[in-house]
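Reading the structure
Residue-level listing of the chains:
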Amino acid sequence: MSMKQTIYGLYSSLQSIFIKNVSVDRNRLPRHIAIIMDGNGRWAKSKGLPRKEGHKAGAETLRTIASYCSEIGIEALTVYAFSTENWSRPKEEVDALMELLQEYLDRADEFLIGKDNRIRVLGAPDGLSQKLLQSIRALEEKTKHNTGMTLNIALNYGGREELTQAARRIAADCVAGKLPPEKINSDVMEQYLYTASLPELDLMIRPSGELRLSNFLLWQCAYSEFWFSNINWPDFTPKHLQLALHDYQKRNRRFGGV
Ligand code: FPP
């Protein structure tokens, strides 16, 4: 292990130990949180491990954070698991990510569904295996009447693609005479997005030090609050989420007003 790797390891352990305890008002929680689960590769590199080990650790972190969100009463959690651009990664890494997703869905009963949560997958089905698609459909069907948190896994998701497919379907409905063009407004647009019927996105979290959206929820984040942290996703704990919630509750959201 290199000096840099050792220093990062020490830094992230110390950060987790000394992270301050903050108060979170359970009556003013965001209804909908999105997370860009970034930094898996760097986490693995810092430990001298292959990148897929970072994704494996990231999937474990998602189990912990999703359970925590469900326990405290978050209505919707949307996580970026695989973007439309991630197909350009080496085949070995793409295969490892698909395997992890399959395993995550297969084991969802253990840590999510038993708690009355719902699972939805947001994104285009193109390129996904039949097995994965079947598992997705089965889980969505099985959990659709659950009333707890909705965990949305963005898989083969791209914000521009989401808006493009919405435009295509709106145009088709206009041509078919089902939708008069003058009736198109932002409420109608939302019905054509993958996130239709989900609460407004309140908080967008991106760990790992990157300060960009990477084509995630471009429409939905119009009035969301952003929270960034240097911690890599596999090291992200409920304490980091509490910090994000604490900061969120201090913000003055004006939605364009004064
Ligand atoms: C970004 O980190 C992360 C991804 C592209 C994949 C996220 C996937 C998981 C957390 C696990 C699988 C998901 C589920 C739902 C089981 P990166 O690889 O770009 O990290 P780097 O920027 O440090 O290289």
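Report on the accompanying structure. Note that the coordinates shown come from a computational prediction; the quantities given were computed from them, not determined experimentally. (Residues numbered from 1 in each chain as written. Predicted model: local features only at pLDDT ≥ 70, side-chain atom pairs only at ≥ 80, totals over all residues. Heavy atoms only, no water.)

For the protein chain, the helix and strand inventory stands at nine helices and six strands. What you see for the protein chain is a C-alpha radius of gyration of 19 Å, in line with the 18 Å of a compact globule of 258 residues. Reported as C-alpha extents along the three principal axes, the dimensions of the protein chain are approximately 65 × 50 × 35 Å. Among the 258 residues that make up the protein chain, the fraction classed as buried is 51%. Long-range pairs, those at least 24 residues apart, make up 79% of the contacts in the protein chain between residues at least 6 apart in sequence. (Helix = DSSP H or I, 4+ residues; strand = E, 2+ residues; numbered from the N terminus. Rg over C-alpha atoms; globule rule 2.2 N^0.38 Å. Buried < 20%, exposed > 50% of the residue type's maximum accessible area, 1.4 Å probe, protein only. Contact = heavy atoms within 4.5 Å.)

Residue placement: Arg 206 occurs in strand S5 (residues 203-206). For Arg 206, the side chain forms a polar contact with the side chain of Asp 38, separated by 2.8 Å. Apart from residues lying up to four places away in sequence, Arg 206 is in contact with Ile 36, Asp 38, Arg 212, Leu 213, Ser 214, Trp 227, Phe 228 and Ser 229. (Polar contact = N/O pair within 3.5 Å; in protein donor to acceptor, adjacent residues only side chain to side chain.)

Relative to the helices and strands, Arg 63 is located in helix H3 (residues 51-72). A distance of 2.8 Å separates a polar atom in the side chain of Arg 63 from a polar atom in the side chain of Glu 60. Not counting residues up to four positions away in its chain, the partners in contact with Arg 63 are Glu 103, Tyr 104, Arg 107 and Phe 111.

What follows concerns the site of the ligand. Among the 18 residues in the neighbourhood of the ligand, the closest are listed as Gly 41, Arg 42, Arg 51, His 55 and Arg 89. Within the side chain of Asp 38, an N or O atom sits 3.2 Å from an oxygen atom of the ligand. Within the backbone of Asn 40, an N or O atom sits 3.3 Å from an oxygen atom of the ligand. Protein contacts shield 91% of the accessible area of the ligand, which totals 630 Å² for the unbound molecule. (Near = heavy atom within 4 Å. Areas by Shrake-Rupley, 256 points an atom, 1.4 Å probe, with all protein chains shown as cover.)

The next subject is the sheet that holds strand S6 (residues 225-228). Ordered by their spatial adjacency, six strands build an open sheet running S3-S4-S2-S1-S5-S6, and the pairing between neighbours is parallel. Here the strands that pair on one side only, and so sit at the sheet edges, are strand S3 (118-122) and S6. The mean angle between the axes of side-by-side strands here comes to 20°, regardless of whether they run parallel or antiparallel. Running at roughly 140° to S3, helix H6 (residues 130-143) makes contact with S3 and strand S4 (150-157) of the sheet. (Pairing = 2+ DSSP bridges. Axes fitted to C-alpha atoms, helices over the stretch in contact; angles between N-to-C directions.)

End to end, helix H4 (residues 91-106) covers 22 Å across 16 residues, agreeing with the expected 22 Å (1.5 Å per residue, within 8%). Buried within H4 we find Glu 93, Val 94, Ala 96, Leu 97, Met 98, Leu 100, Leu 101, Gln 102, Tyr 104 and Leu 105. Along its buried surface, H4 packs onto H3, strand S2 (76-83), helix H5 (108-111), H6 and S4. (Expected span 1.5 Å × (residues − 1).)

Looking now at the pattern of salt bridges. Scanning the model with the defined rule gives 19 salt bridges in all. Among the salt bridges present, the one from Asp 38 reaches Arg 206, with a minimum N-O distance of 2.8 Å. With Asp 38 in the loop between strand S1 (32-36) and helix H2 (40-46) and Arg 206 in strand S5, this residue pair connects regions lying 168 residues apart in the sequence. Neither residue differs from the other here; Asp 38 and Arg 206 are each classed as buried. Among the charged side chains, a network of salt bridges with common partners joins Asp 38, Arg 42, Arg 206, Glu 210 and Arg 212. (Salt bridge = Lys/Arg side-chain N within 4 Å of Asp/Glu carboxyl O.)

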